[in-house]
Amino acid sequence: MTRTKAIVLRTVKYGESSLIVDMLTEAMGRVSFMVKLSASKKGKMRKYFFQPLHILEIDFDFRANASLQRIRDIRLSVPLCSLPFDHYKLSIALFVSEFVYHATRGEQTNLLLYKYVESSILWLDGVKDGFANFHLVFMIRVSRFIGFLPNTEEYHEGDYFDMVNGCFCVSVPSHGHYLQPAEASKIGLLMRLGYPTMHLCAMSREERNRCTEVILEYYRLHVPGFPELRSYPILKQLFQ
């Protein structure tokens, strides 16, 4: 039996009373589960558990030949106090869960990635304000754990940013995926931001959305099959 912490990324209804749930687990990376919801309130498998970014503790018997695993026992690891109830935070949570679902598809055990995602969720749940740039910092930092963090060490003023190779260059790359110097200069700034300090970087809604679109394009270039995110139009309308 495997016992692990797990973060809910996506749920899909299956039949009348079942869900297919995709989670990022601490012990085994990405795992998909078939969950039959309990008919009574006293049952273990309640729908409440499977909300976006809920942090669970689960027990299951891993079957290597099965595409869907089955949970034997489940409980909340850390109850979220504000994230499921705050309109702004919930919209960010929906975006982040969809983003992580696509960015980590096929990801094997990656303890540092799991710890980063979990600690980020807990930070967002606990903070009261100043979190408008949360998703920007989160997406940039996740690239470190899955292997294509932008290299900012060789940056010089006036450089272009080559999005295919993840580095700065003095001339226009031969392909079409690059940032002009004015936007390229913001890559280093974004990478220096952390959750406690990101509120010091004032952005308009338009600037924030442009940064989001650039980062999403970067992921589409580096993660096979990374799609347009359905939750992004809602996120675009948040904050000023």
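Student: Help me understand the pattern of salt bridges, please; the structure alone is not making it clear to me.
Tutor: A side chain with one charge can pair with a side chain of the opposite charge if their charged atoms come near. One pass over the full model with this rule turns up 12 salt bridges. Here E57 makes a salt bridge to R75, at a shortest N to O gap of 3.3 Å. Pair noted here: E57 is in strand β4 (residues 55-60) and R75 is in strand β5 (residues 71-78), with a separation of 18 residues, a long-range link. According to the relative accessible area criterion, R75 is partly exposed, its value standing at 24%. Two residues, D73 and R75, come together in a salt bridge whose shortest N-O distance is 3.5 Å.

Student: Looking at this structure, how should I read the layout of surface pockets?
Tutor: Sizing a probe to match a water molecule and rolling it over the atoms shows the empty space that remains. Within this model, the largest pocket holds a volume of roughly 380 Å³. In this structure, the largest pocket is lined by 18 residues; those nearest its centre are L9, R10, T11, S97 and R230. Among the secondary structure elements, those contributing two or more residues to the lining of the largest pocket are β1 (2-14) and α1 (87-103). No other element matches the 5 residues that α1 contributes to the lining of the largest pocket. Tallied by class, residues from the lining of the largest pocket come to 8 nonpolar, 5 polar and 5 charged. Lining the second largest pocket are 14 residues, with M28, R30, V31, S32 and Q108 sitting closest to its centre. The class makeup of the residues in the lining of the second largest pocket is 4 nonpolar, 6 polar and 4 charged.

Student: How should the sheet that holds strand β3 (residues 29-36) be read in this particular structure?
Tutor: Sheet strands pair by backbone hydrogen bonding; their relative direction is either parallel or antiparallel. Taking strand neighbours across the sheet as the criterion, the 5 strands line up as β3-β2-β1-β4-β5 in an open arrangement whose pairing is antiparallel. At either margin of the open sheet sits one strand with a lone partner, and together these are β3 and β5. In this sheet, adjacent strand axes meet at a mean angle of 40 degrees when their direction is disregarded. Sheet analysis places β1 next to β4, joined by 6 bridges and oriented antiparallel. Looking at β4, one finds that I7 is bridged to I55. Packed onto the sheet, α1 meets β1, β2 (18-25) and β3 and runs at close to 105 degrees relative to β1. Packing of helix α2 (residues 111-126) onto the sheet brings it into contact with β1, β2, β4 and β5, and relative to β1 it is tilted by some 70 degrees.

The rules behind these values
- Residues numbered from 1 in each chain as written.
- Predicted model: local features only at pLDDT ≥ 70, side-chain atom pairs only at ≥ 80, totals over all residues.
- Heavy atoms only, no water.
- Salt bridge = Lys/Arg side-chain N within 4 Å of Asp/Glu carboxyl O.
- Helix = DSSP H or I, 4+ residues; strand = E, 2+ residues; numbered from the N terminus.
- Buried < 20%, exposed > 50% of the residue type's maximum accessible area, 1.4 Å probe, protein only.
- 1 Å grid on protein atoms, 1.4 Å probe; cavity = no way out; pocket = protein on both sides within 12 Å on 5 of 7 lines; lining within 4 Å.
- Points joined across faces, edges and corners; volume = space filled by probe spheres on them.
- Nonpolar A, V, L, I, M, F, W, Y, C, P; charged D, E, K, R; others polar.
- Pairing = 2+ DSSP bridges.
- Axes fitted to C-alpha atoms, helices over the stretch in contact; angles between N-to-C directions.
- Contact = heavy atoms within 4.5 Å.

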